[in-house]
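Spelled out from the first residue to the last, the chains are:
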Amino acid sequence: MDEYFDIVNERDEVVGRATRKEVHARALWHRAVHVLMFDAAGRLFLQKRSMKKDMSPGLWDSSCAGHVDAGEGYDNAAVRELREELGIELQAPPERWFHIRARPETGWEFCWIYRLQHDGPLVLHPEEIETGEWLTTDELTRQMAATPGKFTVPFRLIWGMVGKRVGRGR
């Protein structure tokens, strides 16, 4: 079954709809969400993408990430992705943290980045996630500097922006 995404313009306004395959093949602007989940100790949960994924298989990524489906809003997508990937049921969306405009590093996705404080339990979806790991922000920054190729390109961009925010206590 084909997945459909909304195509958006430079103002992140819906202007059409296309299949996932067409959106990626033609580098059309579309939407995605990333949730960064911190535990009470301030560690960030990272997921290692399943080798079955069509994009960035086996790489480390945001705690939870996914496309916004056609007709779906960012907040609903964040709640859905948390349920599907990590088994977390939320009644309301997590906190919106910041927005990233579509660019090559995001795969032409406009992205809302969400922040969530959650200590588990987690139920990792095996088709989506190979494994997961909790890291301190310092550990993550060191690992990313030493081996950036282990992380998805969008997550490297996001962490470059988040590291400054976390460092300021946000």
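What you see is a predicted model, and the numbers here were worked out from it, not measured in a lab.

> Sorry, what's going on with the packing of aromatic side chains here?
Aromatic ring pairs are reported here in terms of the distance separating the ring centres and the angle at which the planes meet. Applying the stated criterion to the full structure yields six aromatic pairs. For the ring pair phenylalanine 38 and tryptophan 97, a centre distance of 6.2 Å and an interplane angle of 85 degrees mean the geometry is edge-to-face. Taken together, the residues phenylalanine 38 in strand β3 (residues 30-38) and tryptophan 97 in strand β7 (residues 95-100) connect sequence positions 59 residues apart. Taking relative accessible area as the criterion, tryptophan 97 reaches 11% and is therefore assigned buried. Aromatic ring contacts, followed pair by pair, group Phe38, Trp97 and Phe98 into a single cluster. The ring of phenylalanine 38 carries arginine 115 above its face, with NZ or CZ at 4.8 Å from the centroid. Positioned over the ring face of tryptophan 97 is arginine 115, at 4.6 Å from the centre of the ring.

> Explain the pairing of strand β2 (residues 14-19) to me, please; I cannot follow it from the model alone.
As judged from the five bridges shared by strand β1 (residues 4-8) and β2, these two strands associate in the antiparallel manner. By the bridge assignment, isoleucine 7 is partnered in β2 with glycine 16. Counting the residues in the hairpin turn of β1 and β2 gives five residues, including aspartate 12, whose phi is positive at 60 degrees.

> So what exactly am I meant to see when it comes to the environment of valine 14 here?
Structurally, valine 14 can be placed in strand β2. A relative accessible area of 45% means that valine 14 is categorised as partly exposed. Residues valine 14 and leucine 135, spaced 121 residues apart in sequence, show a C-alpha to C-alpha distance of 36 Å. Discounting chain neighbours no more than four positions away, the residues touching valine 14 are Asp6, Ile7, Val8 and Arg31.

> Before we go on, may I ask you to explain the pattern of salt bridges in this structure?
Between side chains of opposite charge, a pair can form when the charged atoms approach closely. Under the defined criterion, the tally for this structure stands at 17 salt bridges. For the salt bridge of glutamate 128 with lysine 53, the shortest nitrogen-to-oxygen distance reads 2.7 Å. Taken together, the residues span a long stretch of sequence, with glutamate 128 in the loop between β8 (109-117) and β9 (129-135) and lysine 53 in the loop between β4 (44-49) and β5 (60-61) at a distance of 75 residues. Judged by relative accessible area, glutamate 128 falls into the partly exposed class, the value being 24%. The shortest N-O distance in the salt bridge between glutamate 84 and arginine 80 comes to 3.3 Å. Placement of both glutamate 84 and arginine 80 in helix α2 (residues 74-86) is noted, with a separation of four residues, approximately one turn of the helix. Take arginine 80: its relative accessible area is 12%, and that puts it in the buried class. Within the structure, one salt-bridge network assembled from shared partners comprises Asp69, Glu72, Arg80, Glu81 and Glu84.

Here is what the cut-offs are and how they apply
Residues numbered from 1 in each chain as written. Predicted model: local features only at pLDDT ≥ 70, side-chain atom pairs only at ≥ 80, totals over all residues. Heavy atoms only, no water. Phe/Tyr/Trp six-rings, centres within 6.5 Å; stacked < 30°, edge-to-face > 60°. Helix = DSSP H or I, 4+ residues; strand = E, 2+ residues; numbered from the N terminus. Buried < 20%, exposed > 50% of the residue type's maximum accessible area, 1.4 Å probe, protein only. Lys NZ or Arg CZ within 6 Å of the ring centre and 35° of its normal. Pairing = 2+ DSSP bridges. Contact = heavy atoms within 4.5 Å. Salt bridge = Lys/Arg side-chain N within 4 Å of Asp/Glu carboxyl O.

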